[in-house]
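# Fold and contact review
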Amino acid sequence: MQKDHIPLGVGFYPDWFYAQYGISFGREYYFNPETRVAARMEIDRRLYERFGDVGLGNPDPQPKPLITFGMVMLPSIFGCEIVYKDDALPWAMPLNLSEDAVMKLEVPDIFNTYPMTDMLRQIDYLKGRYGKVVGDINTTGVQNLALKIRGDQLYIDLFENQALCRHLLSICAACMIQLFEFNRKTTGTGAVDVTPMSDPLLCVLPNCTAEQISLETYENHVLEYDNRVADACHPVGIHHCGSVDQVLDGYAKVRHLEFIEIGFGSDVKHTREVFGPQVAVNARISPVLMKNGAPEEVAAEVRRLIDNGAPLDNFSIDTVGLTYGTPDENVRRALKTAAEYGKLVRKATSEGRIWSFRSRGTGLPPVETSVTSATKTIVIGPFRPLVIIGERINPTGRKRLAHSLEAGDLDLVRSEALSQAAQGADILDVNVGVSGIDEPAMLKKAVLAIQEVTDVPLCIDSALPEALAAGLSVCRGKPLVNSVNGEKHKLERVLPLVKEYGAAVIGLTMDDNGIPASAEKRLDIARRIVEIAERTGIPREDVIIDPLAMAISADDQAGLETLKALQLIRDDLGVNQTLGLSNISFGLPERTSINAVFLAMAAQSGLTCPIVDPTVWEMRRALLLTDMLLGRDPFCMRYLATAKRREGGEAVASEPGDAGRENADLERIKDSVISGKRKAAVEYTQKALDRGADPQEIINNYLIPGLNTVGERFEKKKIFVPEMMMAAKSMQACVDLLTPLLKKEKASRGLGTIVLGTVFGDLHDIGKNLTKLLLKTSGFEVIDLGENVPSARFVEAAREHKADVVGLSSLLTTGDPHVEETIRTIKESDLRDKVKVICGGAALTLKFVEACGADAHAKDAADGVKKIKALLNIEE
């Protein structure tokens, strides 16, 4: 059945029904099927009485044998305490399991564990009474469930304990798959409990907490498990709360995707551009706008979404989460605008944008490869600028480096890492192959040493599988492995390592017969490597082929054959390619000039990530010019910026001398805090102390400015919750080291005392917890009252602890009356002129909190710290 206008869904929060009609969503609703059937019929009748004129409700509803359990079935099975309330959705309290407890977890026997056993009882009852059941059990979502089990510590684990993350996320994905399969077997649906706007037959993944992480974090840690669910339960959809913009490109890599629901604030037009017309899109309107906006503002938002939603055949709008106090007129205006402005006129030809992908010949489409450190992602692709793999950390032909490695001295390794990073290396190749040393142990130490000084992603380079394993075991992020080739024993030993550590791999086009002379045979080897990698579980995009540049001094046709191999592999396999460029000029004079020209020719033929020495200006210039001439440098900005620096006398990175070492260590403290490198931050702090640095100066001039920079990046959405937490933890570790050394009067003098809490009726705590962490690391004493805090408790705590500021957090608009009541209670108490009040949270607007009498409004945690300092006249 074709629709005649844009569908607009209306979803009221439980408090709307309870406050006006006494319809309860407490524990009885979820455990007594007849209570639920009666409640759903009453809801239909009440909606018809109120909004029947705009199509809501039913005057004569029939019994609906619905199964549902909110988002708490799987958290409950793992042991989370569930809070049920008459006027709210059920909420699972985090378990906050320890590392040991998490690592001992196994996939539970879901269907023999309470409360699933009770749900099975309900299903039998409903089938016996009504002959069928409808609806499904919400699967919670991979990251959502992991957070309920581990708590906020999961955000730190993403950077510091990836083994735990893999174990926990794997268990969560397995549970979701079981529950989706159960839903399909029982009712045939997988979307009903998540969203009414999707095809109910899809399995929709609830990704409510994905907005708290960056694209890089999603792709590096969560995407694999979303795809694991998608492969088992396709076709799938995604439900995303809040703005989807930062993880949109990651969702584009979710397989079998047919629907995406995006939160308010999302760029609808860009979402359409990313997914094309084949993926249905549902865009949500903010419940805060629906509650506090004027009818014309609501209508304008509906029109804006429709204007950006084309093609409109599979576009819809939703107004989920409407709380008590939302004006009826706003609901009517939204529905009427969608029906009138969103009327569909059908024509013989589609007005939607035509999407196609560009491919060469009949081969596979081109792919992009991501390589990451703990904080940085490098994307390699045929339409992106060339990615530089720095080659200098390799003792072959570098006697000084070889001697340093033999002596166990890694200072030169650190220096080479820093200088290459400063000169533009995107990835650092790390090779420590010196005869007579313990290569696995040394490679492990080298990786750790490099990660202390730079966050550039790494390429772990060794011919020994045991050395590769050692390096991979301590490498943070998703490294590149150099390398495997077509030899059977190499494939069997190296590819499982690559799969185990979630790395990408370079494949050399050589096998047991050596390096083929012809490009066609190199393609055959490349194809074999890719096929075996895929069978091992390594996706095609994580295989980079090196067709091997051979010396033209020995064979004057070798350069042409390598270029031909690049073209064949690009057109047939679509994978990214690398080359050790310097091989081409071996034995000839003016080698750098030869390498530079060959680089441009190879890039045109399919080279995407050359292995070069970035400290050689002629090669860097060749890279810049090649990107510019191939249209990969918009408006020539990178080339012009570099040329300008050269004209002004470009600084060359070098190892600091003794005189500059102290300042270098101090600056590295700040840099380590900004990049969230806790261990490095503490080490540089200790080095600075050993050289006589003043502890208070370290805090004032390096730690606090570092955290301020992090706050600014967070506000601009350049980093997200995990990165912010890592930075705060890094600063706290340094402060813990410095505090015993401060003078007593300085150590005891804090910036002030802050009482924090989430208002009554709200159990959300992530924003509040992040604010607490930032305040503590900034020097404030924080009294955390937790969640669901009554107004009187705020007053008691502020009085008891002589608070300077009271901070109120509220995520939902249901908290509005409690925010208002708490502020009024404070202002009417003896604390009226003694404490300031600041409010923050997704539901709260500046206009609302000012009307309530608050002293400040915080957009997010970082802004909250800034506003509190301003309230107390503390200079940044």
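Computed from a predicted structure; not experimentally measured.

On to the overall build of the chain. Across its full length, the chain holds 35 helices and 25 strands. Here the C-alpha atoms of the chain give a radius of gyration of 30 Å, agreeing with the 29 Å that 2.2 N^0.38 yields for 876 residues. Judged by the C-alpha coordinates and their principal axes, the chain covers about 90 × 75 × 55 Å. Every one of the 876 residues in the chain was classed for burial, and the buried ones make up 54%. Long-range pairs, those at least 24 residues apart, make up 71% of the contacts in the chain between residues at least 6 apart in sequence. Of the accessible surface of the chain, which amounts to about 37,000 Å², a share of 51% is contributed by carbon and sulfur atoms. Counting 101 positive and 120 negative side-chain charges, the chain places the averaged centre of each group 1 Å from the other.

To continue, consider the sheet that holds strand S19 (residues 576-577). Reading across from one edge, S19-S18-S17-S16-S15-S14-S13-S20 is the order of the 8 strands in this open sheet, with parallel pairing throughout. Looking at the sheet topology across the chains shown, the edges are occupied by S19 and strand S20 (611-612). Bridge analysis of strand S13 (residues 389-393) against S20 gives 2 bridges, and the strand direction is parallel. If you follow Ile389 over to S20, its bridge partner there is Ile611. In this fold helix H21 (residues 519-536) packs onto strand S16 (480-485), strand S17 (504-508) and strand S18 (543-546), with an angle of close to 160° to the strand it touches most, S18.

What follows is about the side chain of Glu301. You can see Glu301 is positioned in helix H14 (residues 295-308). Classification of Glu301 by relative accessible area gives buried; the value is 16%.

Turning our attention to the pattern of salt bridges. Evaluated as defined, the whole model comprises 41 salt bridges. Between Asp613 and Arg392 there is a salt bridge, and its shortest N-O distance comes to 2.9 Å. Residue Asp613 is located in the loop between S20 and helix H24 (617-629), and its partner Arg392 is located in strand S13; the two are separated by 221 residues in the primary sequence. In terms of burial, Asp613 and Arg392 fall into one category: buried. Among the ionic pairs, Arg493 bridges to Glu466, the shortest N-O distance being 3.5 Å. A residue pair is termed long-range when its members are at least 10 positions apart, and Arg493 in helix H20 (residues 488-500) and Glu466 in helix H19 (residues 465-474) qualify at 27 residues. Its relative accessible area of 48% is what places Arg493 among the partly exposed residues. With a relative accessible area of 40%, Glu466 lands in the partly exposed category. Salt bridges sharing partners connect three or more residues here, namely Glu42, Arg45, Arg46 and Glu49.

Moving on to empty space enclosed by the protein. Applying the stated criterion across every chain, the model contains 5 cavities of 30 Å³ or more. What the largest cavity holds in volume is close to 80 Å³. Around the largest cavity, the lining residues are Ser373, Ala374, Gln451, Thr454, Asp455, Val456, Pro457, Leu458, Arg476 and Lys677. For the second largest cavity, the full set of lining residues is Gly141, Val142, Gln143, Asn144, Pro206, Asn207, Thr209, Ala210, Tyr218 and Val222. For the lining of the second largest cavity, the secondary structure elements donating two or more residues are helix H7 (142-150) and helix H10 (215-233).

Before going further, it helps to spend a moment on unusual backbone geometry. Along the chain, His234 connects to Pro235 via a cis peptide bond; the corresponding omega equals 0°. Counting through the fold element by element, Pro235 comes out in the loop between H10 and strand S7 (236-239). For the bond running from Ala310 to Pro311, omega is 0°, close enough to zero to count as cis. When you line up the elements, Pro311 lands in the loop between H14 and strand S10 (315-322).

Here strand S8 (residues 257-262) lies mainly inside the structure; 5 of its 6 residues are buried. In terms of strand pairing, S7 meets S8 through 4 bridges, oriented parallel. Looking at the pairing, Gly237 lines up with Phe259 of S8. Pairing geometry for S8 and strand S9 (residues 280-284), over 4 bridges, is parallel. When the bridges of S9 are listed, Ile262 appears paired with Ala283. This β-α-β element, S8 to helix H12 (residues 268-275) to S9, shows right-handed connectivity.

A separate point is the packing of aromatic side chains. The final tally for this structure, using the stated rule, is 16 aromatic pairs. Ring geometry for Phe12 and Phe51: centres 5.9 Å apart, planes at 20°, overall stacked. With Phe12 in strand S1 (residues 8-12) and Phe51 in helix H3 (residues 33-51), the pair connects residues that are 39 residues apart, well separated along the chain. For Phe12, a relative accessible area of 12% gives the class buried. With a centroid separation of 6.2 Å and an interplanar angle of 40°, the aromatic rings of Tyr30 and Tyr84 are classed as tilted. Linking Tyr30 in helix H2 (residues 27-31) with Tyr84 in strand S3 (residues 82-85), this pair joins segments that are 54 residues apart in sequence. Put simply, the rings of Phe12, Trp16, Phe17, Tyr21, Phe25, Tyr29, Tyr30, Phe31, Phe51, Phe69, Tyr84 and Tyr114 pair up and form one aromatic cluster. A cation sits over an aromatic face here: Arg27 above Phe31, 3.9 Å from the ring centre. Stacked on the ring of Phe760, the Lys or Arg Lys85 has its end atom at 5.2 Å from the ring centre.

Glancing now at the confidence of the model for the chain. Atom-level detail of predicted coordinates should not be read off regions where pLDDT is low. On average, the chain scores 90 in pLDDT, and the residues at 70 or more come to 95%. Across residues 650-661 the pLDDT falls below 50, and counting only partners more than four positions away or on other chains, this stretch makes 17 contacts in the model. This model gives residues 744-749 a pLDDT under 50, and the stretch forms 3 contacts once residues within four places in sequence are excluded.

Attention shifts here to helix H1 (residues 14-21). For H1, the set of buried residues is Pro14, Asp15, Trp16 and Phe17. As for H1, its buried residues are in contact with S1, H3, strand S4 (88-92) and S10. Downstream of H1 by one or two residues, Gly22 has phi in the positive range, about 70°.

Turning our attention to the packing of helix H22 (residues 558-573) against helix H23 (residues 591-605). Interaxial distance between H22 and H23 falls to 8 Å at its minimum, and their mutual angle equals 25°. Here H23 runs roughly parallel to H22, going by the angle between their axes. Between H22 and H23 lies a crossing whose hand is right-handed. Along the contact surface, H22 presents Gly559, Thr562, Leu563, Leu566, Gln567 and Arg570, while H23 presents Phe598, Met601, Ala602, Gln604 and Ser605. Its residues assigned to classes, the contact of H22 with H23 shows 5 nonpolar, 5 polar and 1 charged.

Here we come to the side chain of Thr195. Within the secondary structure layout, Thr195 lies in the loop between helix H9 (162-186) and strand S6 (203-206). A distance of 3.1 Å separates a polar side-chain atom of Thr195 from the backbone nitrogen of Met197. With near-sequence residues (within four places) excluded, Thr195 lies in contact with Val204, Phe259, Glu261 and Asp318.

For the rest of this paragraph, the subject is the sheet that holds strand S25 (residues 856-858). An order of S22-S21-S23-S24-S25 is seen for the 5 strands of this open sheet, with the pairing classed as parallel. Here the strands that pair on one side only, and so sit at the sheet edges, are strand S22 (781-784) and S25. Neighbour-to-neighbour, the strand axes of the sheet open up by a mean angle of 25°, direction not taken into account. Those strands touched by helix H31 (residues 766-778) are strand S21 (753-758), S22 and strand S23 (805-809), and its axis lies near 170° from that of S21. Against the sheet, helix H35 (residues 861-871) makes contact with S21, S23, strand S24 (836-840) and S25, and its axis sits at roughly 160° relative to S25, the strand it touches most.

To continue, consider the environment of Val819. One can find Val819 in helix H33 (residues 816-827). The exposure class of Val819 is buried, given its relative accessible area of 0%. Once the C-alpha coordinates of Val819 and Ala533 are considered, the two residues, 286 residues apart in sequence, prove to be 56 Å apart.

Reading the values: rules and limits
- All residue numbers here refer to positions counted from 1 along the written sequence of the relevant chain.
- The predicted nature of this model means local features are confined to residues of pLDDT at least 70 and side-chain atom pairs, given and counted, to a pLDDT of 80 or more, with totals for whole chains, interfaces and linings taken over all residues.
- Hydrogens and water are ignored here; the side-chain numbers use all heavy atoms of the structure.
- Only runs of H or I of at least four residues qualify as helices and only runs of E of at least two qualify as strands under DSSP, and these elements are numbered from the N terminus.
- Using C-alpha atoms as the atom set, the radius of gyration is obtained and then compared with a globule rule of 2.2 Å times the number of residues to the power 0.38.
- Think of it in three bands: with a 1.4 Å probe and only protein chains considered, a residue is buried below 20% of the maximum accessible area for its type, exposed above 50%, and partly exposed in between.
- We call two residues contacting when some pair of their heavy atoms lies within 4.5 Å.
- Accessibility throughout is a Shrake-Rupley quantity obtained with a 1.4 Å probe, and a residue counts as covered only by protein chains that appear here.
- We count Lys and Arg on the positive side and Asp and Glu on the negative side, and we leave His and both chain ends out.
- Charged side chains are reduced to one point each, which is NZ for Lys, CZ for Arg, CG for Asp and CD for Glu.
- Strands are treated as partners if at least two bridges between them are detected by DSSP.
- Interaxial angles span 0 to 180 degrees and are taken between N-to-C directions of axes, which are lines fitted to C-alpha atoms, for helices over the stretch in contact.
- We define a salt bridge as a contact between a side-chain nitrogen of Lys or Arg and a carboxyl oxygen of Asp or Glu at a distance within 4 Å.
- Cavity and pocket criteria rest on a 1 Å grid covering protein atoms alone: a 1.4 Å probe that fits but cannot get out defines a cavity, protein on both sides within 12 Å along at least 5 of 7 lines defines an open pocket, and an atom within 4 Å of a point defines a lining residue.
- Grid points are joined across faces, edges and corners, and a volume is the space filled by probe spheres set on the points.
- When the strands point away from the viewer, a crossover counts as right-handed if the route from the first strand across the helix to the second turns clockwise.
- The pairing test for Phe, Tyr and Trp rings, Trp by its six-membered ring, is centres within 6.5 Å, and the orientation test on the planes gives stacked under 30 degrees, edge-to-face over 60, and tilted for anything in between.
- The criterion for a charge sitting over a ring is simple: Lys NZ or Arg CZ within 6 Å of the ring centre, and within 35 degrees of the ring normal.
- On a range of 0 to 100, pLDDT expresses the predictor's confidence in each residue.
- Angle categories: roughly parallel below 35 degrees, roughly antiparallel above 145, roughly perpendicular from 65 to 115, and oblique for all the rest.
- Crossing handedness follows the turn of the near helix against the far one: under a right angle anticlockwise gives a left-handed crossing, and clockwise gives a right-handed one.
- Residue type decides the class: Asp, Glu, Lys and Arg count as charged, Ala, Val, Leu, Ile, Met, Phe, Trp, Tyr, Cys and Pro as nonpolar, and the leftover types, Gly among them, as polar.
- Two N or O atoms form a polar contact when they lie within 3.5 Å of each other; inside protein one atom must be a possible hydrogen donor and the other a possible acceptor, and for residues adjacent in sequence the pair counts only when both atoms belong to side chains.

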